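Read off the chains here:
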Amino acid sequence: MSIPVSNRSVGEVFTREQQNRGQFLTRQDRWDELATEMATADAARKVAPNGTPVADLLAYGARSDVIQAVEHALAEDVPANASSLTDGVNGLEEVLKDHPGDAMLTAVVALTHIDVGWAWRGTGWDSIVPRLNRERCAAHFDRAADLLAPFTDEIHSSPFLMAARCALFAGRRIKNARIADEYERLIDLAPGNQRHMRAMGTQLLPRWFGSYEELELEARRTASRTQGIWGAGGYTWVYFDAIAMDEEACARVDVGFFVDGLRDIIKARPEQEMVNLLAAYCAVALRNGMGLDEGADFVRAQICSNDRWLIRDHMTEIHPLIWAHAADGFDNNARITSPSRFAARGRADALHVIAHLFRDEIGRGLRVTFTPDGPRVEA
């Protein structure tokens with residue numbers, strides 16, 4: 001079997017360039033330039049080839065040094081009052097004193113607090129997270145909310161600022177805010193960004209702030225509102241992460257609607273990053289929960305079987321990092337100690353899945369070669 005492996009796709013290269021740009025401007029104290037470039041990209045709805053907003057990429061690069069320093073300090077079990085846990089965030093807070101009223105830079109600092117809060121808390125259930133960690137997480141989310149509070153008018157017209165506001169929901173409730181309504185506003189501002197739909201689906205699970213009935217309703221409403229872009233894909237995106245982590249949600253999902261959405265997503269975005277994402281989701285991420293619930297298993301099996309047509313009909317190359325993230329359930333807070341080993345694991349998972357799909361052909365001594373037009377089987 002022969003299949004190209006893309007370790008640096010066009011989308012990944014562009015993403016890294018924009019993150020590096022944000023990091024560079026921060027290190028050079030060129031905050032005015034950073035704010036201008038973020039505001040321009042946000043207003044123009046400029047996105048990377050994989051759909052990630054450029055403003056988000058610049059903002060992540062701008063805060064990456066601080067986040068990595070905190071994550072490293074926590075991994076080393078430094079004392080809770082160690083300067084390495086606070087100096088970076090305090091430094092960014094000082095920047096705001098020189099740029100009062102700048103919404104973009106304020107959001108960068110707010111997102112830094114949110115990221116640091118997640119670093120303290122981790123992704124475990126509350127019952128296993130130490131009290132100190134929960135308290136530190138809550139304090140950072142509270143500070144992020146205070147920072148964003150003065151920018152209500154700007155938030156409702158900016159996808160970047162609205163996304164930052166919605167990110168607060170993962171750690172705290174906002175008074176008088178209905179989460180589904182807030183996410184609807186965000187999705188309407190940037191309907192081509194599937195990440196917002198995925199985040200809404202997760203937040204609407206009963207373990208967070210919603211119910212299974214509200215999740216189903218919002219998935220259908222989102223599909224209707226974004227039909228011109230995604231077809232039925234809006235339904236699929238809202239349920240995408242939710243059914244991978246919640247057995248009851250998985251058992252309840254409309255399988256036919258979900259699969260129609262998978263097909264419509266590929267029609268709308270046929271690039272290989274998307275093909276790999278959906279194939280890895282079906283073949284790896286969604287299978288992780290097999291065996292936990294009989295009703296959910298029945299649904300999982302039906303959805304997982306779609307890896308066959310995704311790979312056979314649409315795949316031309318492997319993107320290892322996507323497959324590696326799928327094995328972790330697309331956990332954005334997963335700590336990657338060795339990017340090369342991480343990518344190698346993803347490549348191995350992808351090759352295993354593909355070899356299994358073509359096991360009959362390979363067993364008959366045929367050669368499977370992936371070409372720009374798709375897989376070719378020959379003697």
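Quick caveat: nothing in here was measured; it's all calculated off a predicted structure. Residue positions are given per chain, counted from 1 along the sequence in the order it is written. Local features in a predicted model are, by the rule used here, given only for residues with pLDDT of at least 70; side-chain atom pairs are given and counted only at 80 or more, and totals for whole chains, interfaces and linings are based on all residues. Excluded from the side-chain calculations are hydrogens and water; all other atoms, namely the structure's heavy atoms, are used.

1. Quick notes on the side chain of Gln 23
Secondary structure is summarised from DSSP: a helix means a run of H or I of at least four residues, a strand means a run of E of at least two, and numbering begins at the N terminus for each. Examined against the element boundaries, Gln 23 turns out to sit in helix α1 (residues 10-27). Excluding anything up to four places from it in sequence, Gln 23 contacts Gly 61, Ala 62, Ser 64 and Asp 65. In what follows, a contact means two residues having at least one pair of non-hydrogen atoms within 4.5 Å.

2. Some remarks on helix α20 (residues 320-327)
Within α20, the full set of buried residues consists of Pro 320, Ile 322, Trp 323, Ala 324 and Ala 326. Taken together, the buried residues of α20 touch α17 (272-285), α19 (307-314) and α21 (339-357). Downstream of α20 by a residue or two, Gly 329 has a phi angle that is positive, lying close to 70°. Three exposure classes are used, based on accessible area relative to the maximum for each residue type with a 1.4 Å probe and protein chains only: buried under 20%, partly exposed in between, and exposed over 50%.

3. With respect to the pattern of salt bridges
Think of a salt bridge as a Lys or Arg side-chain nitrogen and an Asp or Glu carboxyl oxygen that are within 4 Å of each other. Inspection of the entire model under this criterion finds 29 salt bridges. Between Arg 143 and Glu 93 there is a salt bridge, with its nearest N and O atoms 2.8 Å apart. Here Glu 93 lies in helix α4 (residues 87-98) and Arg 143 lies in helix α6 (residues 131-148), a separation of 50 residues in the sequence. The exposure class of Glu 93 is buried, given its relative accessible area of 16%. A salt bridge links Glu 216 to Arg 220; the shortest N-O distance between them is 2.4 Å. One end of the pair is Glu 216 and the other is Arg 220, both in helix α11 (residues 212-225) and 4 residues apart, which spans about a single turn. Judged by its relative accessible area of 19%, Glu 216 is buried. The partly exposed category is assigned to Arg 220, whose relative accessible area is 37%.

4. Examining helix α18 (residues 294-304)
Since the α-helix advances by 3.6 residues per turn, residues separated by three or four positions end up pointing in the same direction. Every buried residue of α18 is listed here: Ala 296, Asp 297, Val 299, Arg 300, Ile 303 and Cys 304. The buried side chains of α18 occupy one side of the element, clustering within an arc of 165° when seen end-on. Facing away from the buried side of α18, by more than 90 degrees, are the exposed residues Glu 294 and Phe 298. At its buried positions, α18 is contacted by α14 (242-245), α15 (247-252), α16 (255-268), α17 and α19. Looking at where α18 begins, the residue whose side-chain oxygen comes 3.0 Å from the main-chain nitrogen of Gly 295 is Asp 293. Here, the arc refers to the directions that run from the helix axis to the C-beta atoms. Under this definition, polar contacts are N or O atom pairs within 3.5 Å; protein pairs additionally need one hydrogen-donor-capable and one acceptor-capable atom, and for neighbouring residues in sequence, both atoms have to be side-chain atoms.

5. Section: the environment of Gly 22
Residue placement: Gly 22 occurs in helix α1. Sequence-wise, Gly 22 and Ala 119 are 97 residues apart; in three dimensions their C-alpha atoms are separated by 21 Å.

6. Looking at the pairing of strand β1 (residues 367-371)
Of all 5 residues that make up β1, 4 are buried, and the element is covered over most of its length. Note that β1 and strand β2 (residues 374-378) share 5 bridges and pair antiparallel. Residue pairing for β2: Thr 371 is matched across the bridge by Gly 374. We call two strands paired when DSSP finds no fewer than two bridges between them. Here β1 folds back onto β2 in antiparallel fashion, the turn holding 2 residues.

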